Every structure is written in C-alpha cells, then in structure tokens.
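# Commentary on secondary and tertiary structure
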Amino acid sequence: MEVYGRSKDMAQASKMQRERKKRWKNASPVPDVEDPIKELSKGLHLKNFQLIITDIKEVTKTTKTYRLKLAPDSELKRLPLFRAGQYLSVKVNIDGVKVTRPYSISSAPSDVLGDGFYELTIKIKDDGFLSLELFEKWKTGSIISVSGPHGNMYFDDLRDLNEIVGIAGGSGITPFRSIIHEIATQKLDLKLTVLYGSRYEDDIIFAEELSNLAGKLPDKIKVVNICSEPSENWSGPSGFITAELIKKYAGPIEGKTFFICGPQAMYEFLEKEIQSLNIPNRRIRRELYGQPDNITMNPKYLVEFKDKTFNITVRIGNKIETIKASATESVLVSLERAGIVVDSQCRSGECGFCRSLLISGNIFINDEIDGRRAGDKKFGFFHPCSSYPLSDLEIKIPSFKFVKFSPIK
Amino acid sequence: MSSTIHKSSSFDSSYDVVVIGAGLGGLGAALNLALSQKSVLLLEQHNLPGGFASSFVRGRFEFEISLHEMCAVGPPEGPLKGPIRYVLHDESSVDVEFVPVPEAYHLILTGEEHKINVKLPFGVENFIDTVCSAVPETPRESLVKYFDLCRECSEALTFVARSKGKIDFKTLMVKYASFLTTSGYSVAEVTNKFRFPRKTLDLLYPYSCYMGLPASRLDFTIWASLLHLYITQGAYIPKGTSHQMCSAIDTRIRELGGQTEYNTKVKKILVEDRKVVGVETDDGEKIKAKYVITNCSPHLVYGKLISPASAVPVEAHKLNNSRRLGVSAFVVYMGLDASPKDLNLESYGYFISPHMDTEKINKSMLQYENMPDLTASICLNNAIPDCSPPGTTILSITTAFGIDVWKNITPETYFATKNKFARQMIEQVSKALDSPISEHIEEIEVATPQTFSRYTGSFKGGVYGYDLDPWDSLVIRSQVKNKEEFFKGLEFAGGFAAMGHGYNSSLLSGRQAARSVLWKMKKEGG
Ligand SMILES: Cc1cc2nc3c(=O)[nH]c(=O)nc-3n(C[C@H](O)[C@H](O)[C@H](O)COP(=O)(O)OP(=O)(O)OC[C@H]3O[C@@H](n4cnc5c(N)ncnc54)[C@H](O)[C@@H]3O)c2cc1C
Ligand code: FES
C-alpha cells in the first residue's frame, strides 16, 4: 500500500514525531488548571458545604421552617441550584454521634437565585432521635453542615405530563411548597392539584400560605386539605386520602402524573387505593420516606429476631472495631450509635451512597426499596441503611472523613 | 469475634505501589500487581469502582453509564479470542461473563443526499456483502483490500505494543510493510486512496464516532485496528453492566491480597528529587510508596496533584498544553414501560444522523445551539433480554460535545439546556425508528459533561483522553514514553495514558503500567 509514494510514506511517521516535538516546544508553559465544568458542577451540588440559619419561623406547633444561607466563611459564591422537589442531607453531631437526615427543600429554586437561601421545614417526630434536638437547639446563627441537593422527585418535562396531582402527608408537603412557589413565579408551567392529608387542622403546614397562592392562580394551583381527625368545625374532607377523594378533587386520572410524598404509614394505606386507580407506573413518582419506623412491621421480617443483639466487626481500611447492634435497627444506625461515620443521603436504600461490603453474616434487607446494583448483589455489597443484622456480621465500610458534621449545642 | 486485633490506621505505612483511581486503568493495574504478589493499595475518591464504567439504578431499571460495546474481547475460545478475555479470565480468574452484541451497527441516515437504513453484521465477508448490496456501486475488491490493510495495521500495532519501545524494524518491514507506509497519516488520507464512493464511506465510518475525531484528523492506524477488531472478533458487553465487571475485578484484587479503598481521595502525589515517594489523602494521611500508578490525567497530575507543585518541570505543563483533550459525552438514559418490539427497537446499537460526513459531525459537536448531528443509541435488552423487567426496555442515546463547549453553561441555564438537547435527541431517534419513545418514559436521567466531571473528577468532564491525531498516535506515544517521564516511579493508566481511551485500551493500559513498574522493580533488585 502506498499513500503518497514510498519514500514520502516511510518518512511520514518521523515527520509526525517531529510535529509532536514542535508542538511541545511551542506550547504555553502556563499550567492549564482552570476547569469551568467543575465550577458549573459546584453550582449544582456539593459533597459538603456549610449553611447558617438566618431565620426561624414556627409554622405549626410541631413544625418550624429554617431559612439557611451560605455560612459567612464559605468559599462558595452561591448556593447550589436545585430542582423543586429535591432534598438536602443534613449532617449533625449530637454528643459524638454523627448522623445524617434527609430534608426536602421547602423553598423555591428561584429563592436561590434571588435572596440566596434555602428553607427546610422540619416536623418533630414523637419518637424521633434528632428532630426534637434540632427543634430545641437550632437557633438563628447556628451553622449547619449539608450535602446535596439530591433526589429524584422533581418535575421533568421529558417524562411527566404537565398536570400533576400531588398527594402529601405530614411533612411531605415540603417538596410541593417548593413546586407551588415555582409555579407561582412562573418558572414552572404546570397545573398542580395537591391533596394534603394531616391529622388535625392545626397540623396543616403552610395552610394559609398555600391557600393564598392557590387563590391567586386558581387555574394552576389547587390545594385540598384532608384531615383524618378533624374537630367539629372542620368543613373540608376528612378521613384518609382514598381513591375516591383523589378522583373527586383531581378529576379524571388520564393525562396526569402523580407525585406522592409522605410518611411510611401513608404509603401503606395509599398503595391499595392507587392500585384501584390503574395508573401506569410511569405516571407515579414516589419520594422516599427514609428508614422505616419499625422494621418488625415488615411482613417479611422474622419476628423471632426482634429482641436479639449481635456483634458487628467493622473494617475501615486496616482499622477494625467491634460494635453491638440490635436486630431491629439498621446497620447504619448501629454504626452511627457507635460513633462510626458512613456516608448516607437518602437513608431509604435507594441512593447507594452508604454502599458497603458484607464479608460474613446474614442480613435482612428491607426489599421495599432495594436500590442495589446487580453487581453489588452478586459480590456481597449491601446498603447499611436498609439492612438489619440477623447474625454477627463482619463488614467493610468506606472511610468518610472529609465531611463535617455540625455539632448541636 | 472478640479476638480481632484492633489496628488504628486505615493503611499500612508503605506499599510497593499505590494506584490512584479505580477506573478501568487503575483496576487493570492493581489487578496485575496483586497477581504478582506485590503489596498494592488502590485508592478511589468515589464510593464505587469503575469510574465511567459504572451503572446507576432508578426505579426498576439499572442503567449502564458509558459502555456501548467492548472491543478486543472476542469469542471465548479459538483464534479470535481477544486480549481482554485472556487478561481477565485466563490470567487473573476474574468472575465476569461476556455477552455478544448481535450486530455491528444499525445505521440510519435521514438526510436527502443519502437516505439509508441498514444493519451491518460482524464478520468481514458478511460486512462487505452488506455494504455492496446496500451501495451497489461499491468497488468490492477495494473494500476487501481495505480490510486486509486494516488487519495488517492491527497486527502490527500489537507487535509494536509488545516491543516495549524497542521496535524491531526488520520484522516490521517484512511482515507489516503497509503499516509502515500508512503510519502517520490520517484516516482520510489513507482511505481516499481507495476511491470509495461517498455512500460506501457512509457505511464504513460510523465506528469512527467512538474515536471522537473526524476522518481528516484521526490517526489511521488506530482506526484500522479498531475497525478490524470489531468486525472480526465481534463486540461484547459484560453481563450485569460494567459495574458488575468492575466489582468482579475489585473483588479479585482483594482476594489476591490487594487493598482497595473507596471515598478516599488522593490530594497529593509526594515527590522528592524527581522521584515519587508516596501520596497524601484528602484527610492528610501520608502513605509511602516508591511507585505510583495514576488513573488521572496528566493534566490533573501535573496541574494539581504533584507536591510540591514547584517540582513539576515546565516541560510537563508544555507537553500537556500541546496535546488536545478529547470530547465529553452527553447521554439520555431511559427506562421505558413497553417492550423493545412495541417500541420498534429491533437492534442493539443504532447510529442515527442526517449524514455521515465526519467533518460536519465533528463541527456540530462544537456548538450548543442544537444537539450534535449524530447520536449512538443502545437498546440493552437486545443483547441482554432480561436486563429489565418483562415488558420494559432500557434505551440510552449518546452524543458528544467538544471539551470546551459547555464552559458557558451556567447553573441557571443548565437544566433547560440539558432538557433541550435530550428532547431533540429523543425526537431524532423516535422519528428515525418510528418509535413512540416519549409516550413510555418511566425513568429518565440525562448525563452531561458536568455529570461526568462530578462523579469522576475528570478534567473538564472529558471522557476521551487525548485526541488521537497522527502526531499523537499510539505508535508515537509508545516511542516517546521514556522521554516523557518526568518523575521516577510515576506511571499513567487509563484513557489519558499512551494507549488511548476505550474500555479495552484503558484496562490493558493499566496492565501495561503494572508490568512497567514490575520490570523496574526487578531491575532495581527490589
Ligand atoms: C427524601 C426525604 C425528604 C424528607 N423531607 C422532609 C421534610 O422536608 N421535612 C420533614 O420534617 N421531614 C422530612 N423527611 C423525613 C425526615 O427525614 C424524618 O422525619 C427525620 O429523619 C426524622 O428524624 P428523627 O431523628 O427525628 O427520627 P428517626 O429518623 O426516626 O430517628 C430514630 C432513628 O434514630 C436511631 N437512633 C436512636 N438513638 C440513636 C443514637 N443514640 N445514635 C444513633 N441513632 C439512634 C433509631 O434507631 C431510629 O432508627 C424527609 C425524608 C426523606 C427520605
Ligand atoms: S443512604 Fe441511600 S442507600 Fe443508604
């Protein structure tokens, strides 16, 4: 084969080698270190950044909204942007126990661009380990460590229809508040009907605010409050959110996408109701509810393990520690109790950030959400946030030192 | 249980070799070192192995992030068995299973000049038959010769790679003369000599998209080798996604006594007197090693990692600046709630474009008004039917952007920009295949250069190493390698190393880096 004649062809390779040398010689000596794509990335999500509480509002007796801005010493120019419906993973340190908790951002993305804040709206859980502490100790000026924004329950015009039916329970209203504000400021062109279930009337979070917004844009926003244990004065619908109520207030099922966000009990009740509506999978998006309150309620959990405790041998690199673990607590919680930090975000089994290696022993996996990859199942990896020990375990967890956990004082 | 020894440090104080990054290059390197009984520590900043070779789960779907098909795997036995099988199975006993891809590619050109819809098979003869019947004016003899030339170049490249920089020119002259006469030219320069009609080239060139360069700039030798290997050996994908393959390698490294640690970012490569002495992690732990193999690009290594920075010679920065960073990717991943049949998806891999003019295609990757012209789609179910639940389909659509194109995108315009391109890409594919895709989207995720940067830390989100121009070809890189070693004990592996990007090259480059270290250790009597 000849391209331009044998002698020229045979010289071509050396010619290119000289070309390379020439380019090298003539190139700029200034290190090329600017990375605009990395900068873009920092404007969208971060592994760890610090916020400061600038304002706290009591929304109901058991709920507060915290306004958060960039901490004064932050290197960031602006808060990472997000899509309405996403959450932050809050990292806190209570007396040496470092835990994370996911909280949906209840403010709108446009607030990041405007005044530069997020809001988190946190409801106390009666038996909660953390929320009560936060409620009492987070003050204006407190520094809060977070990662994110994370999460997949946002409106995507490639997938979702632009008529959304939201079904919310308790603190599950928070992502919808964000979406409603985006609609109100015309950043999102959607029609949204939210059916919002609360126990008592005075539990309804953002009752007035949301009804005002709906009043201003009646063709776009509708919020229907449903109380399960209302007082005599309550004139709205009562009971749980049923298929019938959904049809009554949201109209025909066709042409709509359903977003669901609420406590675990609500999902359990809704599952049957939703099934009866015959909505295709692609039209339903569910937010995670975090770790189940009581794993023994899972019908597949073997109750005989309920009172057992086990030892978990934990390897972090070459380090080895042995900790005690209850069979009814997730491995993640047992680790946290022992002061060992693993990365976690969703705490629901889905995001995969707590991925660890099970070297030996048996675990119960909450299979309601088993977000593990096929390869992880095959090679013995598990998600500690959704796994419970059924024997002594030996595990290997990835180190997780570079994230700050803000102390609660 | 209680008899465990409680150690207090995560790492040994020193290792024979530290490997930075568990992408395919790093995994390949650590695997070979562990196999050779060296103490090896593999450090990865993310919580997963694989880098781009990974997967993610959404709802009931697990998506393959980057792989379309692997080259150099070949059938399990016989003369066409490829080096990847040899390295992973025979040499290292890695528990990975490969599944063949059913056809080379399904090409659909939609423009007026050359409308065509043709499925090209594997096997040189079948391939040539199909080209000749789809484009009857194809000079068959020339095409046969072209494939002969590609075979010769491919074999020569293997020969050169095995010669470790000291090339035996005599053998080359005798056995691979055409390799010598085409080396240093671009694809266009050599291929033009065959005078194929434009329409024949349209059917021949689609794989060149995997190289990210137009025919006028892409080095002929690498192209010839790629075309030859794909068409003769066929293409394969690992069962259970690339993540499963990478987890298998990670598992094997640990079985062999290697240590792999995740969520552990290396902040510094420590050097003294132009010699590597160790690394320092993000949280300040120092680990001694005389050898470091890095899976990160020379841009990151010389620009950010070497410590002290003043130790980096200006020549290293100049070398980086003289080379061209390859493209970044843009991928739309979809889980669809209809079967491939109902979606009219009969093939595994589609190339769809208005035309197959590689110059024009390349140009279209340098703007961001509209999507680039060409997309490469994969319907995973057509290679692995049970990769998603019955009655569902996994479809991904990929295109590429020049490395600097996304630099003007801001967080404010980001979501809208990505959805605009994604929508255009879905429309292009739907129209070309008469497929009702958008009516069946159950899960969708869009990865942009920003996404790739975020998960792997790759410089500017590049996914394709350095461009393989004729002046930066594999052959030249292998010849100049020794002259471009600025630090003793430092080796590169992966897409930014000498062998270039792609699954097979990256994995094999890791092995090559490991061999190079082993050879140096031996020379030192270590
Ligand atoms: C995506 C997402 C978004 C959410 N958004 C919101 C929102 O916007 N607003 C809102 O109010 N809620 C929201 N939630 C719910 C919120 O995350 C939970 O209500 C919150 O995590 C409750 O925390 P808690 O610590 O009070 O209760 P729990 O998480 O139930 O705390 C109890 C757990 O802590 C463990 N524990 C007890 N003692 C210890 C110890 N000493 N050390 C370590 N562990 C211990 C227990 O075993 C138990 O598992 C959201 C949840 C998810 C998944
Ligand atoms: S924290 Fe998300 S899977 Fe465990």
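In this text, all values refer to a predicted model and were calculated from it rather than measured experimentally.

## Here's the deal with the interface of chain B and chain A
Taken residue by residue, the interface counts 104 residues in chain B and 83 residues in chain A. Interface area for chain B against chain A, summed over the two sides, is near 8,200 Å², with a carbon-plus-sulfur share of 54%. Where chain B touches chain A, the interface holds nine salt bridges. We note a salt bridge from K378(A) to D95(B), for which the minimum N-O separation is 3.4 Å.

## Looking at the domain arrangement of chain A
All names here are of chain A. Domain assignment breaks chain A into domain 1 (10-43 + 297-407), domain 2 (47-150) and domain 3 (163-286). Inter-centroid distance (C-alpha atoms) of domain 2 to domain 3 is 24 Å. Residue-level contacts link 19 residues of domain 2 with 16 residues of domain 3. For the domain 2 and domain 3 pair, buried surface summed over both sides reaches about 1,300 Å², with 59% attributable to carbon and sulfur atoms. Together, A84, S106 and K123 form the three largest contributors to the area buried by domain 2 at its contact with domain 3, with a combined 30%. E119 is the salt-bridge partner of R177, the closest N and O atoms lying 2.8 Å from each other. At the boundary of domain 2 and domain 3, one finds six residue pairs in polar contact (both at pLDDT 80 or more). Elements with a contribution of two residues or more to the side of domain 2 that touches domain 3: strand 1 (46-60), strand 2 (63-70), helix 3 (109-113) and strand 5 (118-123). Ranked by residues supplied to the side of domain 2 that touches domain 3, first place goes to strand 5 with three residues.

## Structural notes on helix 11 (residues 298-305) of chain B
The element helix 11 of chain B is extensively covered by neighbouring structure, given that six of its eight residues are classed as buried. Each element contacted by the buried residues of helix 11 of chain B is listed here: strand 10 (266-272), strand 12 (286-294), strand 13 (306-307), helix 12 (314-322) and strand 19 (490-492) of chain B.

## Here's the deal with the side chain of K318(B)
Its place among the elements puts K318(B) in helix 12. The contacts of K318(B), once residues within four sequence positions are left out, are W24(A), K25(A), A27(A), S28(A) and P29(A).

## A word on the pattern of salt bridges
Overall, the coordinates contain 56 salt bridges over all chains when judged by the stated rule. When the shortest N-O distance is used, the salt bridge between R315(A) and E394(A) registers 2.6 Å. Placement of R315(A) in strand 12 (residues 309-316) and of E394(A) in strand 18 (residues 393-396) is noted, with a sequence separation of 79 residues between them. R315(A) sits in the partly exposed class, given a relative accessible area of 28%. One salt bridge in this structure joins E445(B) and R58(B), with 2.9 Å as the shortest N-O distance. Taken together, the positions of E445(B) in strand 18 (residues 441-447) and R58(B) in strand 3 (residues 55-58) put the pair 387 residues apart, joining distant regions of the chain. By relative accessible area, which is 14% here, E445(B) ends up buried. One continuous salt-bridge network, built from bridges that share partners, spans R20(A), R323(B), D472(B), R477(B) and E484(B).

## Here's the deal with the pairing of strand 9 (residues 221-227) of chain A
Regular strands place side chains that alternate from one sheet face to the opposite one. Residues and elements named next belong to chain A. Counting buried residues along strand 9, five of its seven residues qualify, which places the element largely inside the surrounding structure. Sheet topology places strand 8 (residues 191-198) next to strand 9; seven bridges connect them, and they run parallel. Paired with Y196 across the two strands is N225, which belongs to strand 9. In this fold, strand 8 hands off to helix 6 (residues 207-216), which returns the chain to strand 9; that crossover is right-handed.

## What to know about the site of ligand 1
Residues and elements named next belong to chain A. T121, K125, S131, T174 and E329 are the nearest of the 26 residues found near ligand 1. With respect to ligand 1, the backbone of L130 contributes an N or O atom lying 2.7 Å from an oxygen atom. In the model, an oxygen atom of ligand 1 is placed 2.5 Å from a nitrogen or oxygen of the S131 side chain. Coverage of ligand 1 by the protein amounts to 86% of the 990 Å² it exposes when considered alone.

## With respect to the side chain of R285(A)
Secondary-structure assignment places R285(A) in strand 11 (residues 284-286). Among the polar contacts listed, one links the side chain of R285(A) to the side chain of E443(B), at a separation of 3.1 Å. Apart from residues lying up to four places away in sequence, R285(A) is in contact with N152(A), M153(A), R159(A), D160(A), F258(A), F259(A), I260(A), E442(B) and E443(B).

## Quick notes on the packing of helix 3 (residues 124-134) of chain B against helix 4 (residues 140-162) of chain B
All names here are of chain B. Axis separation between helix 3 and helix 4 bottoms out at 11 Å; the angle between their running directions is 145°. Viewed along their axes, helix 3 and helix 4 form a crossing whose handedness is right-handed. Of helix 4, the residues touching helix 3 (which contributes V124, F127, I128, D129, V131 and C132) are R140, L143, V144 and F147. The class makeup of the residues in the contact of helix 3 with helix 4 is eight nonpolar, no polar and two charged.

## Observations concerning the packing of aromatic side chains
Evaluated as defined, the whole model comprises 40 aromatic pairs over all chains. Each ring, one from Y207(B) and one from Y230(B), has its centre 4.4 Å from the other, and the planes form 15°; the classification is stacked. With a gap of 23 residues between them, Y207(B) in the loop between helix 8 (198-204) and helix 9 (220-233) and Y230(B) in helix 9 connect regions that are remote in the sequence. Classification of Y230(B) by relative accessible area gives buried; the value is 4%. Each ring, one from F330(B) and one from F401(B), has its centre 5.9 Å from the other, and the planes form 75°; the classification is edge-to-face. With a gap of 71 residues between them, F330(B) in strand 14 (residues 328-336) and F401(B) in strand 17 (residues 393-401) connect regions that are remote in the sequence. Residues F330(B) and F401(B) agree in their burial class; the two are buried. Of the aromatic side chains, those joined through ring pairs into one cluster are Y105(B), F127(B), F147(B), Y207(B), Y210(B), Y230(B) and F351(B). One cation-aromatic arrangement involves K64(A) over F135(A); the distance from NZ or CZ to the ring centre is 4.3 Å.

Quick notes on the rules
- Residues numbered from 1 in each chain as written.
- Chains lettered and ligands numbered in written order.
- Predicted model: local features only at pLDDT ≥ 70, side-chain atom pairs only at ≥ 80, totals over all residues.
- Heavy atoms only, no water.
- Contact = heavy atoms within 4.5 Å.
- Buried area = accessible area lost by both parts, 1.4 Å probe.
- Salt bridge = Lys/Arg side-chain N within 4 Å of Asp/Glu carboxyl O.
- Domains from an automatic or database assignment.
- Polar contact = N/O pair within 3.5 Å; in protein donor to acceptor, adjacent residues only side chain to side chain.
- Helix = DSSP H or I, 4+ residues; strand = E, 2+ residues; numbered from the N terminus.
- Buried < 20%, exposed > 50% of the residue type's maximum accessible area, 1.4 Å probe, protein only.
- Pairing = 2+ DSSP bridges.
- Right-handed = clockwise from strand over helix to strand, strands pointing away.
- Near = heavy atom within 4 Å.
- Areas by Shrake-Rupley, 256 points an atom, 1.4 Å probe, with all protein chains shown as cover.
- Axes fitted to C-alpha atoms, helices over the stretch in contact; angles between N-to-C directions.
- Left-handed = near helix turned anticlockwise from the far one by under 90°.
- Nonpolar A, V, L, I, M, F, W, Y, C, P; charged D, E, K, R; others polar.
- Phe/Tyr/Trp six-rings, centres within 6.5 Å; stacked < 30°, edge-to-face > 60°.
- Lys NZ or Arg CZ within 6 Å of the ring centre and 35° of its normal.

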